[in-house]
Amino acid sequence: MDASSLIAMYKREKSSSERTNFENLYESAAEFCNPSSDNIQSKRAKGQRDDVQRITDIGIKARRMFTAGMMSHLFPQGQNWIRVVPQNRDLMNNDNVVRALSSTTKKFVRAIEDSNFYEEMGQCVDHCGYIGTTALYCEPSKTRMLNFRSHYINQFYFCENYLGEVDTVIREFKLTARQAVQQFGEDCPQDIQDFAANPRTSTKEYTFIHVVMPRGSYKVDSAEKSEKKIASYYISVQHQEIVMESGFDEMPYSVGRFYKTNYEKYGRSPALEVF
């Protein structure tokens, strides 16, 4: 894929009528369940305030109770809520396989406990309660084997395959020149590198997108990231250049949807039902 085609796909998803309709819905629910400081005081314009304040605690408390209840039910800390099993369940009759998988499960749980999973997943579940659509990204870092990042709905877009499964995720984000060089190094366009070298201009911001999608042609079991089944592209929108190409064996983004209505790809939330 070339940069111009990826940017065109990003702009198409961002400006689609389906996305616009969904944004109108979730923003209404967000004002009630997660209001800004202005909305709490019913402030309509600068210097203007209504006599009767809106009741804010109902939506806020409902959102917090939903998040606490779902987190304790799905991911109870201190308990083995996850288990590694083989695809062929008949192998579980072998004692050696059971011991090996039990050891693997313990290591996997320990890696999750040492990561930021609970903090980031808590945000995802919170967003699910009043927005209905969330995204969680898992990536390795220099300090953690697993590093999770929860992204708000205004930062990502996605596409489905013919089965209704999410197979393409597009995330929009901004980096300063200094941050861009830290992440992409010498692959950054030259003017970004020049701005990053100057302390007075190193805070100039640039818009990037991260596109993760199935690769048209890949090699099974290849160690090269550019030949993996799932393609990963980082693109500078201003320069229309791919600044990093990589890949994954599996989709690193998990897009959660609380429930879907007919012919809609964006998920609805309990707050939207109440609203």
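Our subject is the structure listed above.
Residues numbered from 1 in each chain as written. Predicted model: local features only at pLDDT ≥ 70, side-chain atom pairs only at ≥ 80, totals over all residues. Heavy atoms only, no water.

Draft legend 1. Local environment of the pattern of salt bridges. On inspection of all chains with the given rule, the structure shows 11 salt bridges. In this structure, the salt-bridge partner of E172 is K14, at a minimum N-O distance of 3.3 Å. Of the two residues, E172 sits in strand β6 (residues 166-176) while K14 sits in helix α1 (residues 3-14), which places them 158 residues apart along the sequence. Assessed through its relative accessible area of 18%, E172 is described here as buried. Two residues, R149 and E139, come together in a salt bridge whose shortest N-O distance is 3.7 Å. Of this pair, R149 sits in strand β4 (residues 147-151) while E139 sits in strand β3 (residues 133-139), and the two are 10 residues apart along the sequence. The class of R149 is partly exposed, set by a relative accessible area of 35%. Each of E160, R257 and K260 takes part in salt bridges that share partners, so that together they form one network. (Salt bridge = Lys/Arg side-chain N within 4 Å of Asp/Glu carboxyl O. Helix = DSSP H or I, 4+ residues; strand = E, 2+ residues; numbered from the N terminus. Buried < 20%, exposed > 50% of the residue type's maximum accessible area, 1.4 Å probe, protein only.)

Draft legend 2. Seen up close, the packing of aromatic side chains. One pass over the structure, following the stated rule, counts 18 aromatic pairs. A centroid spacing of 6.2 Å and a plane angle of 85° characterise the contact between F173 and Y234, whose relative ring orientation is edge-to-face. In this pair, F173 sits in strand β6 while Y234 sits in strand β8 (residues 230-236), placing the two residues 61 residues apart along the sequence. Both residues of the pair, F173 and Y234, belong to the buried class. Within the aromatic cluster, the residues linked to one another by ring pairs are F22, Y26, Y152, F156, F158 and Y266. One cation-aromatic arrangement involves K204 over F195; the distance from NZ or CZ to the ring centre is 5.8 Å. Cation over ring: K265 sits above F158, and NZ or CZ is 5.4 Å from the ring centre. (Phe/Tyr/Trp six-rings, centres within 6.5 Å; stacked < 30°, edge-to-face > 60°. Lys NZ or Arg CZ within 6 Å of the ring centre and 35° of its normal.)

Draft legend 3. The arrangement of helix α6 (residues 117-130) in detail. Compared with the 20 Å implied by 1.5 Å per residue over 14 residues, the 21 Å span of α6 between its first and last C-alpha is a close match. Burial analysis of α6 places 12 of its 14 residues in the buried class, the great majority of the element. Residues of α6 that are buried include every one of F117, Y118, E120, M121, G122, C124, V125, D126, H127, C128, G129 and Y130, and no others. Elements in contact with the buried residues of α6: α2 (17-33), α4 (57-74), α5 (95-113), β3, β4 and α9 (270-274). Count one or two residues on from α6 and you reach G132, which has phi positive near 100°. (Expected span 1.5 Å × (residues − 1). Contact = heavy atoms within 4.5 Å.)

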